[in-house]
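Geometric and topological summary
The primary structure of each chain is shown beneath.
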Amino acid sequence: MFLSTLKSIFNIDDLGNRWGVRILYLITVVLNAAIHFNPYADTDFTPLQSWAIEVYNMTEYDAEQYDALMHSIPINEGNIIYIISLCVGFLILLASAYIYAGLYVRQFRKDKIASIKDDDQEVINYAIEHLPDKPIKPFELFLRVLLLVLFSAVISIPFVLITYSFMFIAIIGLPFVFTAPVGYLSGDKGLFTSLPYSVKLSAKYYFINMRGIGLILLAVLVADFTVPLLLYIHPTACYIVDAAVTTWLWLSFARFAATAYCTMKDFPIKGNKRPFAI
């Protein structure tokens, strides 16, 4: 059971004809690795760190010294380019995860339609037409991904600040809300109605969802500890491996969110019955 759960979550290649996912993965890895090889970006923030320590160590408030420090923040154009590049890289990862989740739900519903067996074509057409969950059209999915990325970019800063300040509460609440973007990308709900719908679906799936999220967080911790060790061996290899592993984990989370959404919607828990395990 444990191994099947791991395979279900981390086997991101298992979707449709596979090539679409492989291309999405490759493009995302290349774009995120390119951030570290940008000739105009400067990753040296040592002067800024020294400045921050100097400000922090001010024992008494001196207006002149404080104003002088505030007017001489040691950050150059290359540092700014690097920070912007990181923000763009984050949005690329986010867009890839949204695309993957949308494609997963679409493929899941296409497979459901393909599983309809009947000799009468009219019966099949009627079943497809009246299915409650239709695969979203590619152009509509593209528009929803675009809108969701823009919306995520707007709320990302306050969201990160709130999450950082209330980390424990954020982790506890994550199993309730992590499928909200999938509800929107599937075409089932609107941008703002997908959140309460996700909470409603997740009510009886809380611990099942938490188990999958816990496995992904464990993989993130292992990657954060092991990948930086490559810096001592080969920095270039480290940057490429870091981009590859980070993309894989983001798409794994998107896969789990999409799997959880489809499972919760198609196999609601009634009473004490255990549904198909995520």
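Let me sum up the structure you'll find in this document.

So, how was this worked out
Residues numbered from 1 in each chain as written. Predicted model: local features only at pLDDT ≥ 70, side-chain atom pairs only at ≥ 80, totals over all residues. Heavy atoms only, no water. Salt bridge = Lys/Arg side-chain N within 4 Å of Asp/Glu carboxyl O. Helix = DSSP H or I, 4+ residues; strand = E, 2+ residues; numbered from the N terminus. Buried < 20%, exposed > 50% of the residue type's maximum accessible area, 1.4 Å probe, protein only. Axes fitted to C-alpha atoms, helices over the stretch in contact; angles between N-to-C directions. Parallel < 35°, antiparallel > 145°, perpendicular 65-115°, else oblique. Contact = heavy atoms within 4.5 Å. Nonpolar A, V, L, I, M, F, W, Y, C, P; charged D, E, K, R; others polar. Patch = residues over 30% accessible without salt bridge, like charges linked within 9 Å, V, L, I, M, F, W, Y side chains within 5 Å. Areas by Shrake-Rupley, 256 points an atom, 1.4 Å probe, with all protein chains shown as cover. Polar contact = N/O pair within 3.5 Å; in protein donor to acceptor, adjacent residues only side chain to side chain. Core = buried A, V, L, I, M, F, W, Y, C linked by side-chain atoms within 4.5 Å. Phe/Tyr/Trp six-rings, centres within 6.5 Å; stacked < 30°, edge-to-face > 60°. Left-handed = near helix turned anticlockwise from the far one by under 90°.

1. Brief notes about the pattern of salt bridges
Summed over the entire model, instances satisfying the criterion amount to six salt bridges. Where Arg 109 meets Asp 188, a salt bridge forms, and the shortest distance between an N and an O atom there is 2.6 Å. Note that Arg 109 is positioned in helix H5 (residues 77-114) and Asp 188 in the loop between helix H9 (180-185) and helix H10 (194-202), a separation of 79 residues in sequence. For Arg 109, a relative accessible area of 3% puts it in the buried group.

2. Quick look at the packing of helix H8 (residues 167-177) against H10
One way to put it is that H8 packs onto H10 with a least axis distance of 7 Å and a crossing angle of 95°. As the angle between them shows, H8 and H10 are arranged roughly perpendicular. Counting all contacts with H8, which are made through Pro 175, Phe 176 and Val 177, the residues of H10 involved are Leu 195, Ser 198, Val 199 and Ser 202. Looking at the contact of H8 with H10 residue by residue, the classes come out as five nonpolar, two polar and no charged.

3. Here's the deal with a nonpolar patch on the surface
Judged by side-chain polarity, Ile 73, Ile 75, Ile 80, Ile 83, Ile 84 and Val 88 come together as a nonpolar surface patch covering roughly 470 Å² of accessible area. You can see Ile 75 is positioned in the loop between helix H4 (63-70) and H5. Of the residues examined, Ile 75 reaches a relative accessible area of 35% and is grouped as partly exposed.

4. Quick word on the side chain of Ser 202
With respect to the element layout, Ser 202 can be found in helix H10. For Ser 202, a relative accessible area of 0% puts it in the buried group. In terms of polar contacts, Ser 202 uses its side chain to reach the backbone carbonyl oxygen of Ser 198, at 2.8 Å. Setting aside residues up to four positions removed in sequence, Ser 202 forms contacts with Pro 175, Phe 176, Thr 179, Asn 209 and Met 264.

5. Here we look at the nonpolar core
Core analysis: the largest hydrophobic core is formed by 45 residues, its most contacted members being Tyr 98, Tyr 100, Val 182 and Leu 185. Elements with a contribution of two residues or more to this core: helix H1 (2-10), helix H2 (19-34), H5, helix H7 (138-165), H9, H10, helix H11 (206-226) and helix H12 (235-266). Among the elements that make up this core, the one with the highest residue count is H12 (eleven residues). Once residues lying within four places of it in the same chain are set aside, the contact partners of Tyr 100 are Asn 11, Ile 12, Leu 15, Val 21, Leu 24, Leu 251, Ala 254 and Arg 255.

6. Digging into the packing of aromatic side chains
Applying the stated criterion to the full structure yields ten aromatic pairs. Judged by centre distance (4.9 Å) and plane angle (40°), the ring pair of Phe 176 and Tyr 206 falls under tilted. Taken as a pair, Phe 176 in helix H8 and Tyr 206 in helix H11 lie far apart in primary sequence, 30 residues in all. The exposure class of Phe 176 is partly exposed, given its relative accessible area of 29%. Residue Tyr 206 is classed as buried on the basis of its relative accessible area of 14%. Aromatic side chains Tyr 197 and Tyr 261 sit 6.4 Å apart centroid to centroid with 65° between the ring planes, which places their arrangement in the edge-to-face category.

7. Observations regarding the packing of H5 against H7
The axes of two packed helices give the description: the angle between them and the distance between them. Where H5 contacts H7, the axes come no closer than 10 Å and their chain directions differ by 140°. At the point where H5 passes H7, the crossing takes the right-handed sense. Mapping the contact onto sequence places Phe 90, Leu 91, Leu 94, Ala 95, Tyr 98, Ile 99, Gly 102, Leu 103 and Arg 106 in H5 and Pro 138, Leu 141, Val 145, Leu 148, Val 149, Ser 152, Ala 153 and Ser 156 in H7. For the contact of H5 with H7, the residue count by class is 13 nonpolar, three polar and one charged.

No statement about biological role is implied by the geometric values presented.
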